[in-house]
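Structural overview for review
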Amino acid sequence: MTNLSQCLSDGQGPSKPGLAGDGVDVDKKNLLEMLNPEVNTISYMVSLDAQIKAAGKDWTRIELLRNYAVIFLATFDPVQVRYLGETWLSVLDWTLDTMPQSSSGDLSIIVSAMLRLDPTAGTFTSTHLRFLRTCLERSAPSYALPVLDKNIYAMPTTPPKFMADEFLCDDLELSNVFITPKSGFTRKIVPQYVLEYYLIGAHVYLGLRNYARARLFLEYVVLHPSTQHSISALQVEAYKKWIMVGLLAEGKPYTIPRTHDNAVMKGVRDVARPYDALAENFIKKNLTKYRAEMDVGTQTWHEDGNLRLVKEAESALLKFRVMDLQKTFAALPIGRVAAHVGYPAVTTLQWVTKMIRQRHLRASITPNGSGDAGDAVLRFHHSITSSSAPADSDLAAQTQRIEALVAHVRDADRRLQLTKEYVEYMKRQKKSGPDAADMADQMDLTWESNGAGMMGSAGGVVGLDDDDDADEDIMGGF
Amino acid sequence: MTAQGIAPSPAKRLRQESSRESDHYHLPPPTFDLDVWVNNYEGFPPHLLGALLPLRLAHVAIHCPTLSRQAITLAISHAKKSKDVRVYIRLCDLAGQFGFADLGAPDLGWASKQEEGNKRELSRLEGELRGYKNNLIRESIRMGQEDLATHHLITGGPPPDPATVQSLGGTGYGVAYQAFGKMRDYCTTPTHMASMILRLTYTAILQAVSAQQQGSTARHHLDLVLSNCSRLRTCGVKEEEQVKLNPIAIAMSGIAHLGQANYHDAASAFLSTPIAYNLLGPVHNTDFGRAVASANDLAIYGGLCALATLSRQALIDRVLGGPFRAFLELEPHMRKAISLYTTAKYQACLDLLRRYYSDWSLDVFLGVPASSIGSASHVDVLSAHIREKSITAYFSSFSEVSLASLASTFPPISSSPMAMEEELLSMIDAGQLDARLDVVNGTLVAPRKDLRASTHEEARRAAEEVERTLLLRLHKVNVAMAGLEVPRSKTGVWEGHGQGNGLMY
């Protein structure tokens, strides 16, 4: 393959200056016309790449080549390109570079190309971040969803040398076998790219009110391991948003996952104290104090870019106050709701009506004959009365997702056990004492306290196994 | 009563409170006859270990105006028979505050004579003890120590005087408690130990009652009671002796739990008290049944605690059907209250309890405040528990009950029209009542549970949680494996931007 690519670039290299665009024509036809990108993927790609490089800034040629590039990206053979990742990436990057600012339609081409190469989109690449940024620049974040919705299962890592290479053309289930730092499919990744990707992703989900997914992304960032408890500013930002998402979605901050690093968490919380104060008043459902806190910190929220979130949480607080009422009451006049939330009856009526319409509240309002808003009756319905059919399919889908996830976890586990650090760790463990019994405890400890580095990850294997068990319990529960 | 010189007089303090909460200090007359009642608690021999009786009578006098004159008269005459001069003086003070001028004037001649005699006796006992100690005969030392401690107990201990040596170790009953404790080194047989622990238990209870009456907390003393009770059960005496000790140990620990407002523990202690407690007679010269609490009292304590804390089935199995039944036969109205509850006749049960409210509030263990904050006594708290339980139990058989019918079954305590609603709301908020209120129709509605849907919901939540946790940990492993941890920053500023890897455009 390298030969072919060399041959092509050799053939064109010297002739480029003279021949300009025409040099690649055969029988007056562009070479690309003669090749089928689906079958002759490699030759098509190499030729396209060469022409792209030759085109420089000639806009007419670029326009022409863009069409070829679009065809290529839509139809290439994902197995063949595995051998020439670098060229593939340069074609993709060029397409992104030359994409007209106005149209966002082309963004879907990039998505389909990414998913064509790796249908799981489960190995993080620099393209993930670049694409996400482009989508945001064009104010079309929804185009990024097909990629964002996929979970990242692996980071590109160089496989250990002693392993027998798998054949790239094999039917590989996991994309991290062919997407490695050396494959050319990704540029060098640094930690902040990962953090940025998840943080921007969380923003996108926040915009869509998909709080569950936003929470996951923010937790990725907050729980990102660090060396020697150093904290990234992105983590602080994520933590602030994470608090607010918890308030919006559940009426209280989420509980911090067990695997957090205490020192990091402490540092983050020190910086984000105003948000904790905000949350405290929110939990107490104390509207006046929340408002006071909100007004005092306006500057802070504004600077953090969270002003709208904080404002939204204010109306969420009202919502939760009314929702709390249904724990105590089956029916009550609007007048009492109004007294509870501290608004005039008419406003409360409108606002409760809106909540019912938005399905936050399962209730109905019966107007009273007198026409006075305060006398209208709010009657709460029994909490969960929806038919269980959709729940069944939900659960089935969830089961499938977890099963798929378990496959990836096993793979991560296997990769982890092959790392040099893990082997050394095991060696040390064996030397330090013959009690294999309490080894599990020790591993867990390192996971909890250290959280970073290979030692910590070794413990992670144990942690993941635990989860497998929990997961099986759930399956057993059906 | 030991710190009489310093602390404000209890009656004055209580009187001040009584202006705020008239309830507890103006109880209607009880159903019992005071003279008969007093007979139950006559110490044996009367002058010895009878120190609780004047306190008991003082409690009645303070809380029940109709009986106060009779009670205080009895109390003073009992105190005058004992050697405790300060109790006598204090009771006279109390009588003076109630306006009984004839009783309020203490017999100072008797007091100084008795005081003199006490001092003489004390120095005689101390001298004897020194002699025993010189002779190094353990048994004699033990007995000397016991005599000294008993003397402290019946005279109320040394007065609070910073100049004397004894005050270093405390004053009043505290000295007696310590003196009994000193016997430990000279006990040679388990029986001696048992005897000592019994005395310690009694002293601690006396301290607790005395502290409560003076408005301070009795928690520490009750803890001592508890620890002494558990020592009593494991002191290693012979089987036939242990059989006599166990009822006392269990019953007293129940009283201590009751005093600490651990009603559930108290109930299980009382329920497991052997009926042998009744008519046990003096054990090691101490008749707890007369000095502290009679079997009738235990029936009341146990019955109330059980009613307030146990489920209906447990009441049937363990209280009415268990060994505690024998106690309940002593107090038939308590038995009747419990069986009314178990047969769902809540209204009759609560009425019955209300009828005896006064009797129980006049008891020195039940009538004291249940916590340092608020003035609700144990009887109040227990009654409130029973009422709440009754409402919950009553409601459990309905899917919808109108507030009016609830209010007629359980007449609200206060007269405000919203009283029933407010009580129910607070119960729902506290999580005791699983129901919702329909204010419009004035009904209480039971929640309809869709088990299938809620199980589904639960499973879905759990599954989501598992998925999220798995993803988070996978992320962590991956990041660590690829070496993408947040780097250690030297300057505190992000480094690594624009490393020419094509992402910084």
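Cut-offs and rules
Residues numbered from 1 in each chain as written. Chains lettered and ligands numbered in written order. Predicted model: local features only at pLDDT ≥ 70, side-chain atom pairs only at ≥ 80, totals over all residues. Heavy atoms only, no water. Helix = DSSP H or I, 4+ residues; strand = E, 2+ residues; numbered from the N terminus. Buried < 20%, exposed > 50% of the residue type's maximum accessible area, 1.4 Å probe, protein only. Contact = heavy atoms within 4.5 Å. Core = buried A, V, L, I, M, F, W, Y, C linked by side-chain atoms within 4.5 Å. Pairing = 2+ DSSP bridges. Axes fitted to C-alpha atoms, helices over the stretch in contact; angles between N-to-C directions. Phe/Tyr/Trp six-rings, centres within 6.5 Å; stacked < 30°, edge-to-face > 60°. Lys NZ or Arg CZ within 6 Å of the ring centre and 35° of its normal. Expected span 1.5 Å × (residues − 1). Arc of directions from axis to C-beta. Patch = residues over 30% accessible without salt bridge, like charges linked within 9 Å, V, L, I, M, F, W, Y side chains within 5 Å. Areas by Shrake-Rupley, 256 points an atom, 1.4 Å probe, with all protein chains shown as cover. Salt bridge = Lys/Arg side-chain N within 4 Å of Asp/Glu carboxyl O. Lys, Arg positive; Asp, Glu negative; His and termini not counted. Charge placed at Lys NZ, Arg CZ, Asp CG, Glu CD. Bend = angle between axes of the 7 residues up to and from the residue. Buried area = accessible area lost by both parts, 1.4 Å probe. Polar contact = N/O pair within 3.5 Å; in protein donor to acceptor, adjacent residues only side chain to side chain. Nonpolar A, V, L, I, M, F, W, Y, C, P; charged D, E, K, R; others polar. pLDDT = per-residue confidence, 0-100.

So, the overall build of chain A
Looking only at helices and strands, one finds 23 helices and five strands in chain A. Within chain A, buried positions represent 49% of all 478 residues. Put simply, 68% of the contacts in chain A that link residues at least 6 apart link residues at least 24 apart.

Section: the overall build of chain B
Check the secondary structure of chain B and you find 24 helices and three strands. Looking at the 505 residues of chain B, the share that counts as buried comes to 53%.

Examining the nonpolar core
One finds Trp88 of chain A together with Met252 of chain B to be the most contacted residues of the largest nonpolar core, which totals 272 residues. Considering each element in turn, this core owes the most residues, 12 residues, to helix α10 (residues 190-213) of chain B. If we ignore the near neighbours within four places in the chain, the residues touching Met252 of chain B are Thr201, Ile205, Val225, Cys229, Tyr277, Phe288 and Val292 of chain B. Counting six residues, the second-largest nonpolar core is a separate cluster that includes Leu122, Leu125, Ile141 and Tyr186 of chain B.

Comments concerning the sheet that holds strand β5 (residues 377-380) of chain A
In a beta sheet, neighbouring strands are held together by backbone hydrogen bonds and run either parallel or antiparallel to one another. Spatially, the six strands line up as an open sheet ordered β4(A)-β5(A)-β3(A)-β2(B)-β3(B)-β1(B), and their pairing is mixed. In the strand order of this sheet, the two ends are held by β4 (363-366) of chain A together with β1 (400-402) of chain B, each with one partner. Averaged over all neighbouring strand pairs, the angle between strand axes comes to 25°, with direction disregarded. Two elements, strand β3 (residues 329-333) of chain A and strand β2 (residues 436-438) of chain B, share two bridges in a ladder whose sense is parallel. By the bridge assignment, Phe329 of chain A is partnered in β2 of chain B with Leu437 of chain B. Sheet strands touched by helix α18 (residues 334-341) of chain A: β3, β4 and β5 of chain A. Its angle to β3 of chain A, the strand with the most contacts, is close to 95°. In the packing of helix α23 (residues 419-429) of chain B onto the sheet, the strands contacted are β3 of chain A together with β2 and β3 (443-445) of chain B, and the crossing angle to β2 of chain B comes to about 150°.

Brief notes about the packing of aromatic side chains
Under the defined criterion, the tally for this structure stands at 29 aromatic pairs over all chains. Ring geometry for Phe32 of chain B and Trp37 of chain B: centres 5.1 Å apart, planes at 10°, overall stacked. Their ring planes at 25° and their centres at 5.4 Å tell us that Phe324 of chain B and Phe327 of chain B sit as a pair that is stacked. Members of the aromatic cluster, connected to one another through ring pairs, are Tyr44, Phe72, Phe76, Trp88, Phe178 and Phe185 of chain A. Residue placement shows Arg82 of chain A over the ring face of Phe178 of chain A; its charged tip is 4.2 Å from the ring centre.

Let's talk about helix α21 (residues 420-432) of chain A
Residue and element names in this part refer to chain A. A rise of 1.5 Å per residue sets the reference length of α21, with its 13 residues, at 18 Å; its end C-alpha atoms lie 18 Å apart and thus fit the reference within 8%. Along α21, the residues classified as buried are Tyr422, Tyr425 and Gln429. Buried residues of α21, viewed axially, fall in a sector of 60°; they line one side. Summarising the geometry of α21, the exposed residues directed more than 90 degrees from the buried face are Lys420, Lys427, Lys430 and Lys431.

Examining a negative patch on the surface
On the surface, Glu166, Asp170, Asp171 and Glu173 of chain A cluster together into a negatively charged patch. Relative to the helices and strands, Glu173 of chain A is located in the loop between α9 (145-148) and α10 (191-207).

A closer look at helix α12 (residues 239-259) of chain B
All names here are of chain B. Taking 1.5 Å of rise per residue, 21 residues should cover 30 Å, and α12 covers 30 Å from first to last C-alpha, within 8% of that figure. For α12, the principal kink sits at Leu245 and spans about 30°; a proline, Pro247, occurs within the next four residues. The element α12 is largely enclosed, with a buried count of 15 among its 21 residues. Looking one or two places after α12, you find Ala261, whose phi comes out positive at around 65°.

Some words on the interface of chain A and chain B
Listed per partner, the contact involves 83 residues of chain A and 57 residues of chain B. Of the roughly 6,400 Å² buried where chain A meets chain B, counting both sides, 64% is carbon and sulfur surface. Joining chain A to chain B, the criterion identifies four salt bridges. Across the salt bridge formed by Arg401 of chain A and Glu467 of chain B, the nearest N and O atoms sit 3.0 Å from each other. Taken together, chain A and chain B are joined by 20 residue pairs in polar contact (both at pLDDT 80 or more). Here the residues of the side of chain A that touches chain B sort into 41 nonpolar, 24 polar and 18 charged.

Topic: unusual backbone geometry
Residues and elements named next belong to chain A. Although it is not a glycine, Ala121 adopts a positive phi angle of roughly 45°. Relative to the elements of secondary structure, Ala121 occurs in the loop between α7 (107-117) and α8 (126-137). Accessibility expressed as a relative area gives 3% for Ala121, which makes it buried. Notably, Arg209 is not glycine yet its phi reads approximately 60°, a positive angle. On the accessibility criterion, Arg209 (45% relative accessible area) is partly exposed.

Notes on the confidence of the model for chain B
Residue and element names in this part refer to chain B. Taken over all residues, the pLDDT of chain B has a mean of 80, while the share at 70 or more is 87%. Confidence, read as mean pLDDT per element, is least for helix α1 (residues 10-20) in chain B (38) and greatest for helix α13 (residues 263-271) (91). Across residues 164-169 the pLDDT falls below 50, and counting only partners more than four positions away or on other chains, this stretch makes seven contacts in the model. Note that pLDDT drops below 50 for residues 492-505; the model gives that stretch 28 contacts with residues more than four away or on any other chain.

Focus on the environment of Leu108 of chain B
By secondary structure assignment, the location of Leu108 of chain B is in helix α7 (residues 108-135). Separated by 23 residues in the primary sequence, Leu108 of chain B and Val85 of chain B have C-alpha atoms spaced 9.8 Å apart.

A few points about the confidence of the model for chain A
Residue and element names in this part refer to chain A. When the pLDDT values of chain A are averaged, the result is 79; 80% of them are 70 or greater. In this model, residues 1-23 is a region of pLDDT below 50 whose contacts with residues beyond four sequence positions or in other chains number 11 contacts. Note on residues 436-478: pLDDT is under 50 here. Beyond four places in sequence and across chains, it has 75 contacts.

Considering the side chain of Lys476 of chain B
By secondary structure assignment, the location of Lys476 of chain B is in helix α24 (residues 451-481). The buried charged residue Lys476 of chain B lacks any salt bridge partner; its closest oppositely charged side chain belongs to Asp261 of chain A, at an N-O distance of 6.9 Å. Reaching out from Lys476 of chain B, the side chain makes a polar contact with the backbone oxygen of Thr259 of chain A at a distance of 2.6 Å.

Describing the pattern of salt bridges
Pairing is possible between side chains that carry opposite charge, provided their charged atoms lie close to one another. Inspection of the entire model under this criterion finds 33 salt bridges over all chains. A salt bridge links Glu146 of chain B to Arg142 of chain B; the nearest nitrogen and oxygen atoms lie 3.7 Å apart. Of this pair, Glu146 of chain B and Arg142 of chain B both sit in helix α8 (residues 138-155), four residues apart, which is roughly one turn of the helix. Considered together, Glu146 of chain B and Arg142 of chain B belong to a single accessibility category, that of buried residues. Between Asp351 of chain B and Arg354 of chain B there is a salt bridge, with the nearest N and O atoms lying 3.1 Å from each other. Here Asp351 of chain B pairs with Arg354 of chain B, and both are found in helix α19 (residues 346-355), just three residues apart, close to one helical turn. By relative accessible area, Asp351 of chain B is classed as partly exposed at 35%. A single salt-bridge network, built from bridges that share partners, covers Asp93, Asp97, Arg130 and Arg187 of chain A.

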